Amino acid sequence: MHRFRYAALTTMLLIFAILLAACTTVPAAPAESDADAVATEAPAAAAPAGAVTELRITWYDDGSEGAVLRDLLDRFEADNPDIRVIIDTVPYSSGILETLPLQLEAGEGPDMARVTQLGGLSKYMLDLRPYLSNPAYWDENFGPFLAWMQTEADGNAIPGFMTQLTVTGPFINRTLFEQAGVAVPSDASDQVTWQEWVAAAREVAAATDTFALAMDRSGHRLAGPAVSMGATYFDADGNPALVGDQGFKDMAQLMIDWHADGTMIPEVWIGSAGSYQAANEPFVNGQLAMYMSGSWQIGQFNTNIADAFDWEAVPNPCGPGGCTGMPGGAALVAINTTKHPEAVARVMEYLTSEAIMNEFYARTLFIPGHLGLAAKGIEFQAELPQTLKSLQVFSSEVGKLAPLAYDLQAYKYNTILFNATRDRLTQVFTGELTLDEAIQKMQEDIDAGIAAAQQ
Amino acid sequence: MAGVGEFLIRSRGRGRFDWSDIFTYLYLLLGTLIMFLPVLWLVLSSFKTQAGLLRFPPDLLPYDQRTVSVEGYDKPLPLYDVTMPDGTVRQLAQVRRVGLEGQMVDPAAPGEVIKVGIGDRTEVRELRLAWENYTDPLERFNFLVYLRNSIVVTVAATIITLLINSMAGFALAKYQFRGSDVIFVIIISTLMIPISVILVPVFLVITGIGWNNNLLGVIIPGAATPTGVFLLRQYMLTIPDELLDSARIDGASEWRVYWQLVMPLSAPALAVLAIFSVMWRWNDFLWPLIVLSRSELFTLQVGLASFQGELNTQWHYVLAMTVMTLLPITLVFALLQRFITTGIATTGMK
Amino acid sequence: MTREPRQAFTLPPERVTLGARLGHFFYMIYAGLMSVIGWVAEPLQRWVSMKNMAYFFVLPNLIIFGVFVLFPMLLNIYYAFTGGTALFPQDRPFVGGQNFQQIFSCTNFLDPNSCREDRFWRGLYNTVFYVIFQVGGMVALSMLTAVVLNRSIRGRGFFRSVFFYPVLLSPVVIALIWKWILQRDGLLNALLVTLGMERVVFFLNANWAVFWVIFISIWAQMGFYTLILLAGLQSIPHDMYEAADMDGASRLQSFRGITLPLLMPTLLVVLVLSVIRAVQVFDQVWVLTGGGPGTATVYVVQYIYETAFANQIQQFGLASAASVILGLILLVLTLFQLRLGRQSDIA
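Note that this is a predicted model, so its numbers are computed, not measured. (Residues numbered from 1 in each chain as written. Chains lettered and ligands numbered in written order. Predicted model: local features only at pLDDT ≥ 70, side-chain atom pairs only at ≥ 80, totals over all residues.)

So, the overall build of chain C
Inference 1: Broken down by element type, chain C carries 14 helices and zero strands.
Inference 2: Over its C-alpha atoms chain C spans a radius of gyration of 26 Å, topping by over 25% the 20 Å that the globule rule assigns to 347 residues.
Inference 3: Intrachain contacts of chain C at a sequence separation of at least 6 include 61% that bridge at least 24 residues. (Helix = DSSP H or I, 4+ residues; strand = E, 2+ residues; numbered from the N terminus. Rg over C-alpha atoms; globule rule 2.2 N^0.38 Å. Contact = placed C-beta atoms within 7 Å.)

This is the structure:
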């Protein structure tokens, strides 16, 4: 035993030193961070004043928006030394979609989060109205979008603001059209049907050895064209009803045909079951004539395509039900478990002030989710004519969306509906289900999902 | 038929090469190709630029378009070989592309702009490693913090796993006590339940304890591995009891019998468990993501995934980051491979 | 053959290499830590008896195991009988067997389309198919590789490492590597085109997708089982073959008569372990195909994961019910295998 006494003493000392070091890094004030003591770094130790409130934003990045936000918040922190805002960037699908709801359900959420499942997560959102100095400004500029974040259909909570408003719609590769010698249908008329567009795109694809069409693998993307084809989605009582919805069935049939005859890139819908899938890659590489996606792609195309070819957004194609896309977007919302609602409100007020919002949208190339700014128009910080034109097309699409499109976006259980349509339709493409069976299954999935959610 | 049998038993090394030796080496060659080529291809691809990745058929080595800085232009311009209308080939730099036409300048005489059809130009390419695939994402977040967290988790978890699993394995192998059979059967039966299935209840327990956003919540739950206990128990069964008894007669306490006698004798099994534990912890992604939501606590796997947005995968970054995560474990393996492979072989589930 | 590690901890007095110094350093840390614990453990032994020290040894593991594995599993079983989307058990309404009923509501169990939870049944049938072919293929290939490696070949250590290396890679990395190779413009298609064949988009075709999922998991796992089988082969005493030789048995006969029976226990372990792993197949395939095309590569664990996490309405109850069913299937399967093994021992 004597042999190791020296070693044992040293080890004891070492353990003691580690424990001591860990303890001194505990920030002096807040008791709730005790549990983190062992492992956390000592960021709070830098501010011994003790009065600094630390706020957390769970965020995801599609492009540079996280960096822009950080920049704006740095300025805020300089003016408000009592608040520190930390951005925790997580992956979108495994982080925001799958893990965050679990953390929220456990009451372990951040102070703020950037989310896209607005209705579904509304029960975890904090109503900032009592903490805001000027709620009228919010109602005025964010009113229609706040409706998407309510727990009750007629609620008037103010949980947050849209970091971006998105509109779905198609992009085309005009260079491919030119190479094929095919006229771009929307140049001649502003009412082009889906069938006309697809016929033109097929011609282009045949002439240039590319693909004609792709659509993001998403029920939300499908909904715009479906509503244009006359889909109603809801019954008279406002419950989802897909069985007997002829417009929806027509659109689904079109999708089936386009997959069967090779119009659509099969990888996107068939090749990636289970999740969302975009078709940026083939479009960016100039292998795709027409790509049904949405306004959020502009920033990405601005950097990744730049002027390699002429890409642009075109107005949504038409059908018997109109010519609509879907609205959507991500919102930065306050979470109701926050211990510092006043501080959160101050950050929110700063971020939504007109000058800051203007700068945020201009630098991120996002369609503004702020009515006042949308009316004035944003001076986007982009030089490419392709980018500016696409931003302008999408901005004008906002006003042309069908009322049903807004209803769908505001519907609390819309993610259940979108996922069911997406996954069941894919099974028709692979021959596992017939269209009628699939629609029946969609309805069952939706009903079961809603029942579970309400239990 | 005799040949097949000859092959199946073992070559006697008569120094004569027969068909079975040829088959053996062919098989090993093919096996090496299939086992190694995918990883090699990953590493090669991770050094290609975004444009380089999209070429079909793909290049074997990372090529990139050559650029030149031309007087009067801020950014370096891409170089092209251009076939001129008179049939000569000139090397020109492209200023911009408009529709089907490229606007080019001669790097030597940048004053004049030459318009060229895009069909008449081909890129000038050179061999270049695209290190920016690695440096860009690393600049976007605090790589060192993530690395430190990953190392803390991996090392601490492995030490705890080795300690408590070997203690349990020792008790189950070398003592007859009430409940030992029950404990052993329960532990073994949980081998069969995939962890992904009980994520939600475990998260609930963590929340109850208050280990959300605490590295302990990542380190502790996986420490009591049924595999480890099983492996160590089976190995310790082979240590003769007489050895233990003679140590006890010499006055050693049970604890000393464990750490001075049994542990050194179980080194091969411990090595196997150690490498598996390092591998599990280092590669773990979903569980840390659920427990940790603060970026200063993220492990490498979580941090590296965070640049995947709602949009499509950016392959050039994904490939580079994959190589990054693969590097440490490969290094450990390269250093310890002899020990590991023989360790597994000797543990070999007796 | 692995005597070295056992003696690595004693410091040879004359040759002090860097490795030995390091080894000594780490051993001192180890010894120090253990002595510190000994200050608690040794007085404890005087308190309780020597026999009862066993409880001291199992306790730390048992506590962590109980809190983080066993208790969650029991909780999981309770979840299976509750509904709703709440996380905390006290907030979840008790619904009896409703979740099980929902899974078993089929008009024809062989036709998944007729079931309410058709994805579960598709997952189950896909899993059965996967287990049979993945385990079958892998055991055969591991066996062949072990036999090859057991021959007197040059560079055995190197080849052993080569076959083992993929075992160390994470499922996500494995899936990404192969996704990259198998995509439309990937390496394999480039090879096919150079050879004058048609390009194949592998993950659009159900048969190809299933093939690659099985192939890749064999690729990733076989190294481990190869090593175990190799150890089994090497433990067979060589003189048994010589004896058989003298009796005039052909080589093939001695393989069937000596190698296989003596390898049986090892083979059984390999079989049990690989079946358990195969039934749990999930993360690799989830990244590789997401379960597609359609539902061709959806497996049971993926169904459970999706029901609990990936779908926006998180139906923990339904997911738990499915996992309980999966657990029962595994239990029966393992007991059956062990019974089979015991019978072959007797025979």
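Having put the structure on the table, let's press on.
A word on the overall build of chain B
Inference 1: Looking only at helices and strands, chain B has 15 helices and eight strands in total.
Inference 2: Sorting the 350 residues of chain B into buried and exposed places 45% on the buried side.
Inference 3: Sequence separation of at least 24 residues holds for 64% of the intrachain contacts in chain B that already meet a minimum separation of 6. (Buried ≥ 20, exposed ≤ 12 C-beta atoms within 10 Å, placed from the backbone.)

Quick word on the confidence of the model for chain C
Residue and element names in this part refer to chain C.
Inference 1: Taken residue by residue, chain C gives an average pLDDT of 84. The fraction at 70 or more is 93%.
Inference 2: For chain C, helix α1 (residues 4-7) is the element with the lowest average pLDDT, namely 42, and helix α5 (residues 118-150) is the one with the highest, namely 93.
Inference 3: Predicted confidence is poor over residues 1-9, with pLDDT under 50, and the contacts of this stretch with residues over four places away or in other chains come to 16 contacts.
Inference 4: In the model output, the complex is listed with pTM 0.84 alongside ipTM 0.80. (pLDDT = per-residue confidence, 0-100.)

Remarks on the pairing of strand β3 (residues 77-83) of chain B
Residue and element names in this part refer to chain B.
Inference 1: Buried residues dominate β3, accounting for five of its seven residues.
Inference 2: Relative to strand β7 (residues 121-123), β3 runs antiparallel, the two sharing three bridges. The partner of Y80 across the bridge, within β7, is E123. (Pairing = 2+ DSSP bridges.)

Some remarks on the packing of helix α5 (residues 143-174) of chain B against helix α3 (residues 53-79) of chain C
Inference 1: Following both chains from N to C, one finds α5 of chain B and α3 of chain C inclined at 130°, their axes separated by 8 Å at the closest point. Comparing the axis directions of α5 of chain B and α3 of chain C gives the class oblique. The chirality of how α5 of chain B crosses α3 of chain C is left-handed. Every residue of α3 of chain C that contacts α5 of chain B at I164, N165, M167, A168, F170, A171 and L172 of chain B is listed here: A54, F57, V58, P60, N61 and I64 of chain C.
Inference 2: For the contact of α5 of chain B with α3 of chain C, a count of residues per class yields eleven nonpolar, two polar and no charged. (Axes fitted to C-alpha atoms, helices over the stretch in contact; angles between N-to-C directions. Parallel < 35°, antiparallel > 145°, perpendicular 65-115°, else oblique. Left-handed = near helix turned anticlockwise from the far one by under 90°. Nonpolar A, V, L, I, M, F, W, Y, C, P; charged D, E, K, R; others polar.)

Focus on the packing of helix α6 (residues 180-190) of chain B against helix α9 (residues 226-237) of chain B
All names here are of chain B.
Inference 1: Running from amino to carboxyl end, α6 crosses α9 at an angle of 125°, the nearest separation of the two axes being 8 Å. With respect to α9, the element α6 is oriented oblique. Judged by the sense of rotation from one axis to the other, the crossing of α6 with α9 is left-handed. For the pair α6 and α9, the contacting residues are I187, I188 and T190 in the first and P226, V229 and F230 in the second.
Inference 2: Looking at the contact of α6 with α9 residue by residue, the class counts come to five nonpolar, one polar and no charged.

Quick notes on the interface of chain B and chain C
Inference 1: Counting from both sides, the interface comprises 88 residues of chain B and, opposite them, 91 residues of chain C.
Inference 2: If you list the elements that add at least two residues to the side of chain B that touches chain C, you get α1 (2-9), α2 (19-45), α5, α6, α7 (199-209), α11 (254-265), α12 (267-283) and α15 (315-347) of chain B.
Inference 3: Among the elements that line the side of chain B that touches chain C, the one with the most residues is α15 of chain B, at 16 residues.
Inference 4: Among the residues making up the side of chain B that touches chain C, the classes are represented as 62 nonpolar, 21 polar and five charged.

Section: the environment of Y27 of chain B
All names here are of chain B.
Inference 1: As for its position among the elements, Y27 is in helix α2.
Inference 2: A tally of 16 C-beta atoms within 10 Å means that Y27 is categorised as partly exposed.
Inference 3: On a C-alpha basis, the gap between Y27 and T122 in space is 43 Å, while along the polypeptide they are 95 residues apart.

Quick look at helix α14 (residues 354-364) of chain A
In an α-helix, one turn spans 3.6 residues, which is why side chains three or four residues apart end up on the same side.
Residues and elements named next belong to chain A.
Inference 1: Residues of α14 that are buried: M357, F360, Y361 and T364. On an axial view of α14, the arc spanned by its buried residues comes to 90°, and they lie on one face.
Inference 2: Contact partners of the buried residues in α14: α2 (65-79), α12 (297-304), α13 (341-352) and α15 (371-376).
Inference 3: Just beyond α14, the residue with positive phi is L365, at close to 60°. (Arc of directions from axis to C-beta.)

A closer look at unusual backbone geometry
Inference 1: One non-glycine residue, Y233 of chain A, lies in the positive phi region at around 60°.
Inference 2: Residue Y233 of chain A is classed as buried on the basis of its C-beta count, with 22 C-beta atoms lying within 10 Å.

Examining the domain arrangement of chain B
Inference 1: Split into domains, chain B comes out as domain 1 (2-45), domain 2 (67-123) and domain 3 (141-345).
Inference 2: Relative to domain 3 of chain B, the C-alpha centre of domain 2 of chain B lies at a distance of 58 Å. (Domains from an automatic or database assignment.)

Quick word on the nonpolar core
Inference 1: I304 and A322 of chain C are the most contacted members of the largest nonpolar core, which totals 169 residues.
Inference 2: Looking at this core element by element, the count peaks at 17 residues for helix α9 (residues 206-234) of chain C. (Core = buried A, V, L, I, M, F, W, Y, C linked by C-beta atoms within 7 Å.)

Some remarks on the pairing of strand β4 (residues 160-173) of chain A
All names here are of chain A.
Inference 1: With 14 of 14 residues buried, β4 is to be regarded as a mostly interior element.
Inference 2: Bridge analysis of β4 against strand β6 (residues 288-294) gives five bridges, and the strand direction is antiparallel. Bridging from a neighbouring strand, F171 pairs with Y291 of β6.
Inference 3: As paired elements, β4 and strand β7 (residues 311-313) share three bridges and run antiparallel to each other. Paired with I172 across the bridge in β7 is E312.

Some words on the environment of W211 of chain B
Inference 1: Of note, W211 of chain B is situated in the loop between α7 and α8 (215-219).
Inference 2: In this structure, the C-alpha to C-alpha distance between W211 of chain B and L292 of chain B, residues 81 residues apart in sequence, is 9.2 Å.

Overview of the environment of G97 of chain C
Residues and elements named next belong to chain C.
Inference 1: Position of G97 relative to the elements: it lies in the loop between α3 and α4 (98-104).
Inference 2: Under the C-beta neighbour-count criterion, G97 is labelled exposed, with 12 such atoms within 10 Å.
Inference 3: Sequence separation between G97 and A80 is 17 residues, and the spatial gap between their C-alpha atoms is 8.1 Å.

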